Amino acid sequence: MNIFNHFKDIVNVTIEELSQAGELPEGLDLGAVSVEPPRDPGHGDISTNAAMVLAKAAAMNPRDIAEKIAGALRDVADVASVDVAGPGFINLRLDDSFWQARVAEILLDGLGYGDSDLGGGEAVNVEYVSANPTGPMHVGHVRGAVFGDALASLLAKAGYDVAREYYINDAGAQIDVLARSVYLRYQQALGIDIGDIPEGFYPGDYLIPVGEALAKEQGDAWLDQPEEVWLKPVRLAATEAMMRMIREDLHMLGIDHEVFFSESDLVASGRIDQAIEMLRAKGLVYEGVLEPPKGQKPDDWEPRPQTLFRSTEFGDDVDRPLRKSDGSHTYFAADIAYHYDKAKRGFLRQIDVLGADHVGYVKRLEAAARAATDGKGQVDVRLCQLVRLYRNGKPVKMSKRAGTMVTLKELVEEVGKDVVRFIMLTRKNEAPLDFDFTKVVEQSRDNPVFYVQYAHARAHSALRKARESFPDMNFSSVGLAEADMSLLTDPAEVALIKAMAGWPRMVETAAEAHEPHRIAFYLYDLAAEFHTLWNKGNDDLSLRFIIESDAERTHARLAMVLALATVIRSGLEVLGVDAVEEMH
RNA sequence: CCGCCCGUAGCUCAGUUGGAUAGAGCAUCGGAUUUCUAAUCCGGAGGUCACAGGUUCAAAUCCUGUCGGGCGGACCA
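Residues numbered from 1 in each chain as written. Chains lettered and ligands numbered in written order. Predicted model: local features only at pLDDT ≥ 70, side-chain atom pairs only at ≥ 80, totals over all residues. Heavy atoms only, no water.

In the structure shown here, the tally under the stated rule is 20 aromatic pairs. For the ring pair Trp 534 and Phe 545, a centre distance of 5.7 Å and an interplane angle of 70° mean the geometry is edge-to-face. Placement of the pair is Trp 534 in helix H19 (residues 517-539) and Phe 545 in the loop between H19 and helix H20 (551-575), with a sequence separation of 11 residues. Its relative accessible area of 7% is what places Phe 545 among the buried residues. Chaining the aromatic ring pairs together yields one cluster made of Phe 309, Phe 314, Tyr 331, Phe 332 and Tyr 361. Positioned over the ring face of Phe 98 is Arg 102, at 4.5 Å from the centre of the ring. A cation over an aromatic ring shows up here: Arg 364 above the ring of Phe 332, its NZ or CZ 5.9 Å from the ring centre. (Phe/Tyr/Trp six-rings, centres within 6.5 Å; stacked < 30°, edge-to-face > 60°. Helix = DSSP H or I, 4+ residues; strand = E, 2+ residues; numbered from the N terminus. Buried < 20%, exposed > 50% of the residue type's maximum accessible area, 1.4 Å probe, protein only. Lys NZ or Arg CZ within 6 Å of the ring centre and 35° of its normal.)

Shown next as structure tokens:
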């Protein structure tokens, strides 16, 4: 249960009742009323701005309105006290019993705690990674991959019907380059000395086995044959091999897309032409010549007649070419067809995760999505900034040309999937992120992955110890849910429960904002709350979770501890990080 | 020249879609260890939210402009 939504309903009903009773004007617009946690917990548990946003329409002093609403709220179940503060905030404090009841709720919901019906089962398509199938995944791809995957999980938890999709750019000129590079390796596999890999080819060793496989399969059939003979089949084989490799790489990170959508399929099936015709029918396509870009003019610029899409009608800066001067379609035309296809498959909500170097592409994508769906659909393009790698605080030098890129595989093998995933989500996506190989495996408070994992492990450590001390006690979630939670009265205990009870709201706000990093920060804060409580037991033995002389209290506290572990695990699950029960 | 993103404590960053006295971590200073629970915790100090206007009950948040940094800017993908 999102307790803030719950109390928002109560506040709204209260206001309507006051209207009916003539205490407030009728027909007030409650749209701007928010019910949220106050910034300062000292103000209470729940705060609403209702009086302030209604003051103008009601033609009343906000404090007067607040007093009326507050008076009515005092009679509501679970409300311990109501205060009016500042310019007209209404602050609610809830009974401890309300918070204590959350513990059982969490235990009975299990990992489903925090599930929301915010999305109402609406279909959302999240497209992410979509790296060109020309080589292994490297660090540059990882952030977007993790971000997209976590966002997809987050939206699923928030009640959307999520599809995870990968767009394979297998139709462009770079695939021809890939095929020729593989052909070299094919020749090499048949014993021909190819010398150094020439400029303009992909030099990576990862193509050697692809060439070898082709040699085994085809023998010398393609040797000394013109490109027309082998290019097409080699392209296909090479792309398939690259995609197998990429899927394996992604799998190491816990990422498994449901749909792999091929650009060349789009081309072959004529759907690009169909998409262009669709736009033409709406009067959004014309033949024309673009102005040169303002400011610095490219050296090779010349006026050219092109088939153009009126993306400026949808807020883009200039109209965009759909066909090159030779008549073939542009990458953008394929992308329109792709997003059109997604819409036809029922996805009016689409999310594209791209690298920050694609900023210039965002407006035209949004334009395309709206044009293709008559404004009903929307695409949210999320850009991920660079990741800067460090080791011992020193930058790791990488160069694509020199072949010194750190691959996804190396990254995961060195620090582990969980570390990579968590750290990638410790910054909002559009901010650059530093990733220090040394720091991220450190076992200290500076390292958020460890800090959160440790809280979870500590919780399980307490449970293990408790089982030894009380062998007859039922420590299952159902058994613990029956504990007498009214024994959880210490302020630090109640504070921890409040933090846990904030999880459902966190899911909803993070999902609405499309910002999975908020989950990582929430988990860090929640872990801190738990460590604080844990440590209080050092100073004050009566606050320890396990009290040998008091089975009832122990049972209740362990219920809280398991609830904490459950919320952390639930959060880590959204991030795709495993919760460990023991540190080593 | 144009577009987008960023600018918050010495450093790295949050900031609940416009709320109250702007928060963490690191670093620094001072404390807690006879460890069933210190890989942790408590406290102090640290701020012109880049700058200037505007919008309103209320602005780090929204609008305009300026400065600084990053990214991008036709038949590449």
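Helix packing for two helices is described by the angle between their axes and how far apart those axes are. The contact between helix H5 (residues 139-157) and H20 brings their axes to 7 Å, and the two run at 130°. Here H5 lies oblique to H20, going by the angle between them. Note on element contacts: H20 touches H5 through Ser 570, Val 574 and Leu 575, opposite Ala 150, Ser 153, Leu 154 and Lys 157. (Axes fitted to C-alpha atoms, helices over the stretch in contact; angles between N-to-C directions. Parallel < 35°, antiparallel > 145°, perpendicular 65-115°, else oblique. Contact = heavy atoms within 4.5 Å.)

Attention now moves to the environment of Thr 489. By the element assignment, Thr 489 lies in the loop between helix H16 (477-481) and helix H17 (491-501). Spatially, the C-alpha atoms of Thr 489 and Ala 152 are 38 Å apart, while their sequence positions differ by 337 residues. With sequence-adjacent residues up to four places away left out, Thr 489 is seen in contact with Gln 100 and Val 494.

Take it as geometry only, folks, not as evidence of what the structure does.
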